[in-house]
Each structure stands twice: as structure tokens, then as C-alpha cells.
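Below are the chains, spelled out letter by letter.
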Amino acid sequence: IVDQLRLNNASVWAGRTESLSARADLCFARAFAPIVPAWEAAAPVLRPEGRLVYFAGGAFGDVPSLGAKASEVVVVSSPLETGGPLVIITRSEVETGP
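Parameters and conventions
- Residues numbered from 1 in each chain as written.
- Predicted model: local features only at pLDDT ≥ 70, side-chain atom pairs only at ≥ 80, totals over all residues.
- Heavy atoms only, no water.
- Pairing = 2+ DSSP bridges.
- Helix = DSSP H or I, 4+ residues; strand = E, 2+ residues; numbered from the N terminus.
- Axes fitted to C-alpha atoms, helices over the stretch in contact; angles between N-to-C directions.
- Contact = heavy atoms within 4.5 Å.
- Buried < 20%, exposed > 50% of the residue type's maximum accessible area, 1.4 Å probe, protein only.
- Arc of directions from axis to C-beta.

## Structural notes on the sheet that holds strand β1 (residues 24-29)
(1) Moving on: With mixed pairing, four strands are arranged side by side in an open sheet as β1-β2-β4-β3. Among the strands making up the open sheet, the edge pair consists of β1 and β3 (70-76). Each neighbouring strand pair of the sheet contributes to a mean axis angle of 15 degrees, computed without reference to strand direction.
(2) Moving on: Sitting on the sheet, helix α1 (residues 35-42) is in contact with β1, β2 (46-55), β3 and β4 (86-91), with an inclination near 150 degrees to β2.

## A look at α1
(1) Moving on: Inspection of α1 places I35, A38, W39, A41 and A42 among the buried residues, and these make up the whole buried set. Buried residues of α1, seen end-on, are gathered within an arc of 160 degrees and therefore sit on one face of the element.
(2) Moving on: Where α1 is buried, its residues contact β1, β2, β3 and β4.

What is shown is where atoms sit, not what they do.
Below you can see the structure in the form of C-alpha cells.
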């Protein structure tokens, strides 16, 4: 899609987050892990104020505590026909803990 839309300022990483050296503005997680481990994998990769878009499953309940690195969590109804909501988590601008 990045190539088809000629998005010169976007790239796609298909690999393990632990081996990614660059920082990202946006990460997506779909069929990856429950929300807490997905956030723990994404947070170190995100720039300050970067966002994780988490595709929650149909049985998704309340958002658990995500720690100090999460400054804002927004839950929106999914535009998709199946599945649960989209959970958009913003990384804190300033790291407040280890």
C-alpha cells in the first residue's frame, strides 16, 4: 500500500520489534498479542507522542493500566465489519520511569 500510494515518508517493518533500531510515529498491532504485551513491545519503538493502533478482538473489555509511558488511550468503534474496537494509545512525551 505504501508503494501504491507513493508514500515517500512511510515505511513498513516486517520483523521483530526488538531488532528495530529506528523510532516510529505509528505502530499497528493486529492478531499480535493481548493489549498489555502489545503496548510493552511498541512503547520502546515509538517516538514521544507516537501512537499504537491496537485492533482489539470482539471480546475486548476495559483497558487495563498501561503504565507511565501511556499518556492517552482512546477507544473508538471499529470501522471494520467484524472484531472489536480500535484502541489508540499515545506514548508519553517525556519518559517518567525505567
